[in-house]
2 protein chains.
Amino acid sequence: MTGAVYVTGAAGFIGSHLVDRLLEQGRSVIGMDNLKLGRRSNLEKALAGPRFDFIEGDVNDVAAATERLRRHRFGPIGEVWHLAANSDIQAGAADPEIDLRDTFLTTHSTLRLMEALSIPALVFASTSAIYGELDVPLREDTGPLFPASRYGAMKLASEAAIAAATQMFVERAWIFRFPNVIGPRATHGAIFDFMAKLRKDPSRLEVLGDGKQDKPYLHVQELLDAMFLAREKSGGAINCFNVSGDSSTTVRYIAERVVASAAPGARILYGTADRGWIGDVPRFRYVTDKIRALGWRPKLSSNEAVDRTIGELAR
Amino acid sequence: MTGAVYVTGAAGFIGSHLVDRLLEQGRSVIGMDNLKLGRRSNLEKALAGPRFDFIEGDVNDVAAATERLRRHRFGPIGEVWHLAANSDIQAGAADPEIDLRDTFLTTHSTLRLMEALSIPALVFASTSAIYGELDVPLREDTGPLFPASRYGAMKLASEAAIAAATQMFVERAWIFRFPNVIGPRATHGAIFDFMAKLRKDPSRLEVLGDGKQDKPYLHVQELLDAMFLAREKSGGAINCFNVSGDSSTTVRYIAERVVASAAPGARILYGTADRGWIGDVPRFRYVTDKIRALGWRPKLSSNEAVDRTIGELAR
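Residues numbered from 1 in each chain as written. Chains lettered and ligands numbered in written order. Predicted model: local features only at pLDDT ≥ 70, side-chain atom pairs only at ≥ 80, totals over all residues.

1. Observations concerning the sheet that holds strand 1 (residues 4-8) of chain A
Residue and element names in this part refer to chain A. Using the following cut-off: Strand pairing requires that DSSP identify at least two bridges connecting the strands. Strands are runs of DSSP state E lasting at least two residues, helices are runs of H or I lasting at least four, and both sets are numbered from the N terminus onward. Helix axes are fitted only over the stretch in contact, all axes being lines through C-alpha atoms; the angle between N-to-C directions runs from 0 to 180 degrees. We call two residues in contact whenever the C-beta atoms placed from their backbones are within 7 Å.
The strand order 3-2-1-4-5-6-11 describes an open sheet built from seven strands, whose pairing is parallel. In the strand order of this sheet, the two ends are held by strand 3 (52-56) and strand 11 (238-242), each with one partner. Strand after strand, the sheet turns through a mean of 15° between neighbouring axes, direction not considered. Pairing of strand 5 (residues 121-127) with strand 6 (residues 172-178), which is carried by seven bridges, proceeds in the parallel orientation. Within strand 6, the residue paired with leucine 122 across the bridge is alanine 173. Set on the sheet, helix 6 (residues 150-165) makes contact with strand 5, strand 6 and strand 11; between it and strand 5 the angle comes to about 155°. Contacts from helix 8 (residues 220-233) reach strand 5, strand 6 and strand 11, with the element oriented near 155° to strand 6.

2. Some details on the relation of the copies chain B and chain A
The cut-off we apply is this: A least-squares fit on C-alpha atoms brings the copies together, and the residues used are those whose pLDDT is at least 70 in both copies.
Superposition of chain B onto chain A requires a rotation of 180° combined with a translation of 0.0 Å along the rotation axis, giving an RMSD of 0.0 Å. Taken together, the rotation angle and the small translation identify this as a two-fold axis. It is Ala157(B) whose C-alpha, among those of chain B, lies nearest the rotation axis, at 2.1 Å. Both copies contact each other with a shared surface, as 100% of the interface residues of chain B are interface residues in chain A too.

3. Some points on the domain arrangement of chain A
All names here are of chain A. The test is simple: Where a domain begins and ends is set by an automatic assignment or by a domain database. Residue classes follow a fixed rule: Ala, Val, Leu, Ile, Met, Phe, Trp, Tyr, Cys and Pro count as nonpolar, while Asp, Glu, Lys and Arg count as charged, and any other residue, Gly among them, counts as polar.
Considered domain by domain, chain A is made up of domain 1 (4-181 + 218-242) and domain 2 (186-216 + 247-280 + 300-314). In this structure, domain 1 and domain 2 have C-alpha centres spaced 27 Å apart. Contacts between domain 1 and domain 2 engage 15 residues on the former and 13 residues on the latter. Sort the elements by how many residues they give to the side of domain 1 that touches domain 2 and helix 4 (residues 89-94) lands first, with three residues. A class-by-class count of the residues in the side of domain 1 that touches domain 2 yields eight nonpolar, five polar and two charged.

4. Considering the sheet that holds strand 4 (residues 77-82) of chain B
Residue and element names in this part refer to chain B. If you trace the seven strands from one edge of the open sheet to the other, you get 3-2-1-4-5-6-11, paired in parallel fashion. In the strand order of this sheet, the two ends are held by strand 3 (52-56) and strand 11 (238-242), each with one partner. With direction set aside, neighbouring strand axes in the sheet form an average angle of 15°. Here strand 1 (residues 4-8) pairs with strand 2 (residues 29-33) via four bridges, running parallel. Considered in strand 2, the bridge of tyrosine 6 is made with isoleucine 30. Sheet strands in contact with helix 6 (residues 150-165) are strand 5 (121-127), strand 6 (172-178) and strand 11, and its direction is about 155° off that of strand 5.

Rendered as structure tokens:
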């Protein structure tokens, strides 16, 4: 890995942890974020150093971004980590333009920028949601790919656009299909939502769905371990990895742990549906042989990752 | 099937043959086309009858299309056949906005229209290009899906958006993954290109690539047979079918037959590359058990379909 790194969605949950890591590794980093979901405070540490340049702007304004990155004081960009996306799946279900613009067109725009600036390498944050509701163990080559949400659809559309670009101007791309990622700075997800609800009303917690949804959760720091390892150890034109541990966590477990930490004694009220919202996939199981073959496995079980996150958020 | 049918790309190659068939079946048809690749002359027969309404317009102008179709004199729209797309793969390789706008955003816009007008059923023209360069027999559930062209990428993006829509407002969708479709009114493809070249210079035919590309060709009338059969006989939320015969045809065969028909004696000059252009996939083999289980198989071999098309074009 050489050259400066350009991170889209740099002020977001995963993006800001990524920026911190890249800076720790001695890289120079240019981060772009429109601060719609991201927060400048997530970059507090990064902004204090000399090797980080933050651009508050729109990834889809390709001309402005290209202008800003061309002849940057950090030198030529060696790679892009494209994390900008709408992470609010439910908002995307209500308005089809959100995932189109924030999740897919940001990828299209990032590829245009890469072509304009001859940036050879791309790391992309994809998702388990591309697999839809397939009721089989999910390998990287499992199909058919019929996502159940607009979020998943626009991530799959992004993967497709990236794949085509590797035939043209992108030399190498890494596609990581994330499970539920948790940790400090998250702006969505069960832990975040439950904490917010309990702050409003510490006497009760209403859970969307019956609480039996059962999915793998991964701590953001372990996700980054996996991404950096695979980025270093694989070098095909398209390198695609499911990232997840083996274990999973029920929504019921999360509800009980959040209540125990944030509002002991609150009543938990479950719904009856097997999913929380349209496009929610109640359970899935990843086959992660590929990333494991490189030597990665999470140190924390899914439940432990949940516990650690609740602890970090309680601080 | 009840209600009027709305066809996007109605003046195009496949779209106009589809319109003719639907009218023969007694349906009322509203066709939209921007006449960028489509031609009004393809609809000559349709336009002469009382049950066809042609709209020259932009599928992506959702507000205008919705206004035009709401309370149409043909009554409520029962289904959409969405064929509008950029079919010029090489143009898409040169300008990334073409496939985005004409192939993917037309799907996004068609879905918006369907939601606005509560149209329950969608038939979509997808493509073998979504499979990229996978070197295995291609079943409908084969992955990973890494298209090699922007055309294939934006068709896969369309499939993804349609899949998500079936979780919301689309009751049923049929996705047909076309092979190379040939017949009168085509505006691209080897037969069309070779004929155009020989009209310019009847003494020689320059072939892109080494002529060994070997792919299944299907006559448009047999494609429509398959689509109507599957439309009638399958009724899941997402019904996805590879459509193709078993046999295939080399580019060399096509070159020789076109020369024999259009310019006997012309010299054929082959290139050295194993493909004609970026994103061209030199060969692929479909598994078509699924559409065959419904009772469809093409009457013509791939070579016979080529011969028939050359004959039809020579008339």
